[in-house]
Amino acid sequence: MSGRTLAGALALLLAAPAVAEPSAEERGLAIARLAAARGDGFRDYTAAGEMVLADKSGAESRRRFRLAVKESEGDGDKSLLVFDWPADVKDTALLTIAHKEGDDDQWLYLPALKRVKRISASGRSGSFVGSELAYEDMVGEEVERYRYRWLGDEPCPGEEDLLCHVNERVPVEPGSGYSRQVAWLDTVELRVLRLDSYDRRGALLKTMTVEGYRLYAERFWRPDSVSVRNHQSGKSTRMLWRDYAFRVGLADEDFSPRALERAR
């Protein structure tokens, strides 16, 4: 369904008369579909960044990386993230091939062992290279992977002049480390500004805050900063992004387990 068609469908849902008022689940799914459609069509892009890890005392360590992402027709996105610095993580690489249905595929290249390790479905809730990001956080957010429920509209966190849809989503896959997540998306551009993630027991685990959105290629919004705070451990991870470049001509061959060892 095109973005224009989805926009019309959402407008009809939100403007429907009381006798035909959509359910919270219908509203939530419509919002998620429209947000996904807004991001479609980028084809591929590359970016660079820095990962800043902080322990509960505030002590920091830093890592530099580069990222390549490619859309797949009718399925989830492909991505390859490679660390360039410091020496203890240099050439470590994560390949992710997301799917709209079924388990996603992920492989981790470990240069010290010179081998590629497949990340199992049960291991996707584990920490990615010691950060507050889980392996499942590194996968594109395909609409089909969740059930949705609109919780209401309210001022956006940190952006009080903007109104946000508050949308709950529950992972469909049983192996997720989250029981549910709550997203705040601004009602104008449908950009995620905050995401609260709850652990399997239902307790608040992490809050992701997204800041510094910029418009690229006259259509695609990308952030300068993504911060994740773990409320249970007191640790945090911040991803600082730069050098976005769209439609650079990436090929499917750039996203295969064999390509992991050549990524450096």
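Located above this text is the structure these notes cover.
Residues numbered from 1 in each chain as written. Predicted model: local features only at pLDDT ≥ 70, side-chain atom pairs only at ≥ 80, totals over all residues. Heavy atoms only, no water.

1. Structural notes on the packing of aromatic side chains
- By the definition in use, this model includes 13 aromatic pairs.
- Centre to centre, the rings of Phe 65 and Phe 83 are 6.2 Å apart; their planes meet at 70°, and the pair counts as edge-to-face. Here Phe 83 lies in strand E3 (residues 78-85) and Phe 65 lies in strand E2 (residues 60-70), a separation of 18 residues in the sequence. In terms of burial, Phe 65 and Phe 83 fall into one category: buried. (Phe/Tyr/Trp six-rings, centres within 6.5 Å; stacked < 30°, edge-to-face > 60°. Helix = DSSP H or I, 4+ residues; strand = E, 2+ residues; numbered from the N terminus. Buried < 20%, exposed > 50% of the residue type's maximum accessible area, 1.4 Å probe, protein only.)

2. Concerning the environment of Gln 106
- Within the element layout of this structure, Gln 106 appears in strand E5 (residues 105-110).
- With 50 residues separating them along the chain, Gln 106 and Lys 56 place their C-alpha atoms 29 Å apart.
- Setting aside its immediate chain neighbours within four residues, Gln 106 contacts Leu 94, Leu 95, Thr 96, Lys 117, Arg 118, Ile 119, Arg 124, Tyr 135, Met 138 and Val 139.
- In this structure the side chain of Gln 106 is engaged in a polar contact, spanning 3.1 Å, whose partner is the side chain of Thr 96. (Contact = heavy atoms within 4.5 Å. Polar contact = N/O pair within 3.5 Å; in protein donor to acceptor, adjacent residues only side chain to side chain.)

3. What to know about the nonpolar core
- Grouped together as the largest cluster of nonpolar side chains are 28 residues, with contacts concentrated most on Met 51, Phe 83, Phe 128 and Trp 241.
- Elements with a contribution of two residues or more to this core: strand E1 (44-54), E2, E3, strand E14 (225-230) and strand E15 (236-246).
- Among all residues touching Trp 241, those that are not within four sequence positions of it are Ala 47, Ala 48, Gly 49, Phe 65, Leu 67, Pro 223, Asp 224 and Val 226.
- Among the nonpolar cores identified, the runner-up in size contains eleven residues, and Leu 80, Ile 97, Tyr 109 and Leu 250 belong to it. (Core = buried A, V, L, I, M, F, W, Y, C linked by side-chain atoms within 4.5 Å.)

4. Quick look at the side chain of Ser 131
- Mapping Ser 131 onto the fold places it in the loop between strand E6 (115-118) and strand E7 (146-156).
- For Ser 131, the side chain forms a polar contact with the main-chain nitrogen of Leu 133, separated by 3.1 Å.
- Residue contacts for Ser 131: discarding those within four places in its chain leaves Met 51, Leu 53 and Thr 237.

5. What to know about a negative patch on the surface
- Taken together, Glu 159, Glu 160, Asp 161 and Glu 211 make up a surface patch of like negative charges.
- The dominant element in the negative patch, judged by the number of residues it contributes, is strand E8 (residues 159-171), at three residues.
- Within the secondary structure, Asp 161 sits in strand E8.
- Given a relative accessible area of 67%, Asp 161 falls into the exposed group. (Patch = residues over 30% accessible without salt bridge, like charges linked within 9 Å, V, L, I, M, F, W, Y side chains within 5 Å. Areas by Shrake-Rupley, 256 points an atom, 1.4 Å probe, with all protein chains shown as cover. Salt bridge = Lys/Arg side-chain N within 4 Å of Asp/Glu carboxyl O. Lys, Arg positive; Asp, Glu negative; His and termini not counted. Charge placed at Lys NZ, Arg CZ, Asp CG, Glu CD.)

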